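Structural characterization, general
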Amino acid sequence: MSGLFFEDALLPQGWAKNVRLLIEAGRFAFIESGAAPQPGDERHRIGLPGICNLHSHAFQRGMAGLAEVRSASTDSFWSWRELMYRFVGRISPDDIEAVAAQAYVEMLEKGFTRVGEFHYIHHDISGAAYDNIAELAERIAASAQATGIGLTLLPVFYAHAGFGGRDPSPAQRRFVNSIDGFARLLEASRRAVAAVPGAVVGVAPHSLRAVSADELAAVLALAGDAPIHIHVAEQVLEVEECLAFHGQRPLQWLLDHAPVDRRWCLVHATHASADELARTAASGAVVGLCPITEANLGDGIFDAPRLLGAGGRYGIGSDSNVQIGLADELRLLEYGQRLAQRTRNVMAHGQASTGRALFDAALQGGAQALGLASAGLQEAAPADLISLDAGHIALAGRGGDAILDGWIFAGQQTPVDCVWAAGRKLVSGGRHHDRDAVARRFKNTLERLLAA
Ligand SMILES: [Zn+2]
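Residues numbered from 1 in each chain as written. Predicted model: local features only at pLDDT ≥ 70, side-chain atom pairs only at ≥ 80, totals over all residues. Heavy atoms only, no water.

Considerations on the packing of helix α12 (residues 354–369) against helix α13 (residues 401–410)
Interhelical geometry of α12 versus α13 gives an angle of 85° and a closest axis separation of 7 Å. One way to sum up the angle between α12 and α13 is to call them roughly perpendicular. Residues Thr354, Gly355, Arg356, Leu358 and Phe359 of α12 lie in contact with α13, whose contacting residues are Asp401, Leu404, Asp405, Trp407, Ile408 and Phe409. Residue composition of the contact of α12 with α13, grouped by class: 6 nonpolar, 2 polar and 3 charged. (Axes fitted to C-alpha atoms, helices over the stretch in contact; angles between N-to-C directions. Helix = DSSP H or I, 4+ residues; strand = E, 2+ residues; numbered from the N terminus. Parallel < 35°, antiparallel > 145°, perpendicular 65-115°, else oblique. Contact = heavy atoms within 4.5 Å. Nonpolar A, V, L, I, M, F, W, Y, C, P; charged D, E, K, R; others polar.)

Put into structure tokens, the structure is as follows:
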């Protein structure tokens, strides 16, 4: 049986030399270090586990860069959201499939091997359900299957325009379901991903703004052991409105009223108190940080030292997909903390290498948030991995954790060379095998959408 052979690979116990991996049915069947390459093995220098992108709205890749124009009023998350709603108002199932495929190709080329798709456009442009209620879930599944990225689909329950059960606005008509409608959509979504190898389906109550307390309980009753993702405390206005309505901050309310545990991914949690972060850490939930989007939207800076000090977990998401890059997310996470704390190597938190600490956290937190039982280069884990180009200028003379520091902090172009998801080789020489066709379809879609 032919395998993969790496001169240096990052295993759960640390860096190892001369590592040979065998893959069967999308998982690592056998891993040996100090091994000799066998005839027929594919040989590489540096091997790393692939990383989960725990929070994506793939369709937003199509509006990346369109909201960078100053408007008359104060620009904020909320004015960005108006532009997003206009984009949502015209995007068709074919468009969503084309845009998602482009986003997924870019994720794979940057080292993300699975995506958590927080999927909230469900209905047609008029707000009516499609004949097939999972039409758009099927389009997401088709994009994942065609590009080969692993998929954790998170169908979103969305019902209100704000706290207190405010009626949704016309711009939100494509998102809205009743609880019964959502239960049917969830069932249909499970069928929609059946052909995607290793796919997981979770649930995503959108936010405490969009979901009432009773609805949250009803959605959670449908989750079982599956991942539960929610946007929380991203915006100061959201915190203020939650305080006004519930008399509590969003994370505080959630921790008091919902069974938050290791199934949960709390996306953003930007505006969280020390007490909320200590309780989040104790719950075992993962905080889903999306540094590029949070910077782009002007959300604020997450209090990472508090979470790390309490032993909490986090993972990384590309959220609005305004720019897609694993190393870029990790670098900006660290740099935001340096700017806020006026010190260096904040995320290392007791470890020697900041790059290694960021990479390990993203690996473990991402896998937990997306419902994987195990991750990393170990037997029985999904065969998700990356090779780096050892000849890349940022890796010159580097070994061990300095490879990760070089990639994350000094790699101008990505040194990601090959990428495998569930054992399928999808990227070679930094290029996804279907890059050109996917990009052509994406460009045609955008030219038509933006000409309208
Ligand atoms: Zn989001």
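Some thoughts on the domain arrangement of the protein
With domains assigned, the protein is organised as domain 1 (4–49 + 385–421) and domain 2 (51–369). Just the C-alpha atoms count here: the centres of domain 1 and domain 2 sit 30 Å apart. Facing the 19 residues of domain 1 at the interface are 22 residues of domain 2. Roughly 1,600 Å² is buried in total at the junction of domain 1 and domain 2, and carbon and sulfur atoms are behind 68% of that figure. Where domain 1 packs against domain 2, one counts 1 salt bridge. At the boundary of domain 1 and domain 2, one finds 4 residue pairs in polar contact (both at pLDDT 80 or more). Those elements giving two or more residues to the side of domain 1 that touches domain 2 turn out to be β2 (14–24), β4 (42–49), β14 (385–388), α13 and β15 (416–421). At 6 residues, α13 tops the list of elements feeding residues into the side of domain 1 that touches domain 2. Residues of the side of domain 1 that touches domain 2, tallied by class, amount to 14 nonpolar, 3 polar and 2 charged. (Domains from an automatic or database assignment. Buried area = accessible area lost by both parts, 1.4 Å probe. Salt bridge = Lys/Arg side-chain N within 4 Å of Asp/Glu carboxyl O. Polar contact = N/O pair within 3.5 Å; in protein donor to acceptor, adjacent residues only side chain to side chain.)

Examining the sheet that holds strand β12 (residues 286–289)
Here we have 4 strands laid out as an open sheet, ordered β10-β11-β12-β13, and parallel in their pairing. Of all the strands in the sheet, just β10 (228–232) and β13 (313–316) have a single pairing partner and so form its edges. Put simply, the sheet's adjacent strands are angled 30° from each other on average, direction ignored. Here 3 bridges tie strand β11 (residues 264–268) to β12, and the two strands are oriented parallel to one another. Opposite Cys265, over in β12, you have Val286 as the bridge partner. (Pairing = 2+ DSSP bridges.)

With respect to the packing of helix α11 (residues 326–341) against α13
For the pair α11 and α13, the least separation of the axes is 8 Å and the interaxial angle reads 80°. As judged from the angle between their axes, α11 and α13 are roughly perpendicular. Two secondary-structure elements touch here, α11 through Leu326, Ala327, Leu330, Arg331, Glu334, Tyr335 and Arg338 and α13 through Trp407, Ile408 and Phe409. Here the contact of α11 with α13 is composed, by residue class, of 7 nonpolar, no polar and 3 charged.

Digging into the coordination of the zinc ion
Note on the zinc ion: its protein donors are His55 (NE2), His57 (NE2), His231 (NE2) and Asp319 (OD). The metal-donor distances range over 2.1 to 2.6 Å. Site description for the zinc ion: donor spacing in sequence, H-x1-H-x173-H-x87-D. One end of the pair, His57, is in the loop between β5 (51–56) and α1 (77–88); the other, Asp319, is in the loop between β13 and α11, with 262 residues separating them in the sequence. As far as the burial class goes, His57 and Asp319 line up, both buried. (Donors = N, O, S within 2.8 Å, 3.2 Å for Na, K, Ca; no water. Buried < 20%, exposed > 50% of the residue type's maximum accessible area, 1.4 Å probe, protein only.)

Observations concerning the sheet that holds strand β3 (residues 27–32)
Here we have 8 strands laid out as an open sheet, ordered β3-β2-β1-β4-β14-β15-β16-β17, and mixed in their pairing. Every interior strand has two partners, whereas the edge strands, β3 and β17 (431–432), have only one. Alignment of strand β1 (residues 4–11) against β2, held across 7 bridges, turns out to be antiparallel. From the neighbouring strand, Phe6 faces β2, where its bridge partner is Val19.

So, the packing of aromatic side chains
Throughout the structure, instances matching the rule amount to 8 aromatic pairs. Measuring from centroid to centroid gives 5.7 Å for Tyr85 and Phe175, while their planes differ by 55°, and the two rings are tilted. Pair noted here: Tyr85 is in helix α1 and Phe175 is in the loop between β7 (150–157) and α4 (179–192), with a separation of 90 residues, a long-range link. According to the relative accessible area criterion, Tyr85 is buried, its value standing at 6%. Overall, the relative accessible area of 1% leaves Phe175 in the buried class. For the ring pair Phe157 and Phe182, a centre distance of 5.6 Å and an interplane angle of 75° mean the geometry is edge-to-face. Residue Phe157 is found in strand β7, and its partner Phe182 is found in helix α4; the two are separated by 25 residues along the sequence. Across the pair, exposure class does not vary: Phe157 and Phe182 are buried alike. Here a set of aromatic residues connected by ring pairs shows up, and it is made of Phe59, Tyr85, Tyr120, Tyr158 and Phe175. (Phe/Tyr/Trp six-rings, centres within 6.5 Å; stacked < 30°, edge-to-face > 60°.)

Considerations on the nonpolar core
By size, the foremost hydrophobic cluster in this structure holds 123 residues, and its most contacted members are Tyr104, Leu254, Trp264, Tyr314 and Trp407. Counting residues domain by domain, this core receives three or more from each of domain 1 (4–49 + 385–421) and domain 2 (51–369). Discounting chain neighbours no more than four positions away, the residues touching Tyr314 are Val286, Val287, Leu289, Leu307, Leu308, Leu333, Met347, Ala357, Leu358, Ala361, Ala362 and Gly365. Counting 15 residues, the second largest nonpolar core, distinct from the first, contains Phe28, Ala381, Leu385 and Cys418. (Core = buried A, V, L, I, M, F, W, Y, C linked by side-chain atoms within 4.5 Å.)

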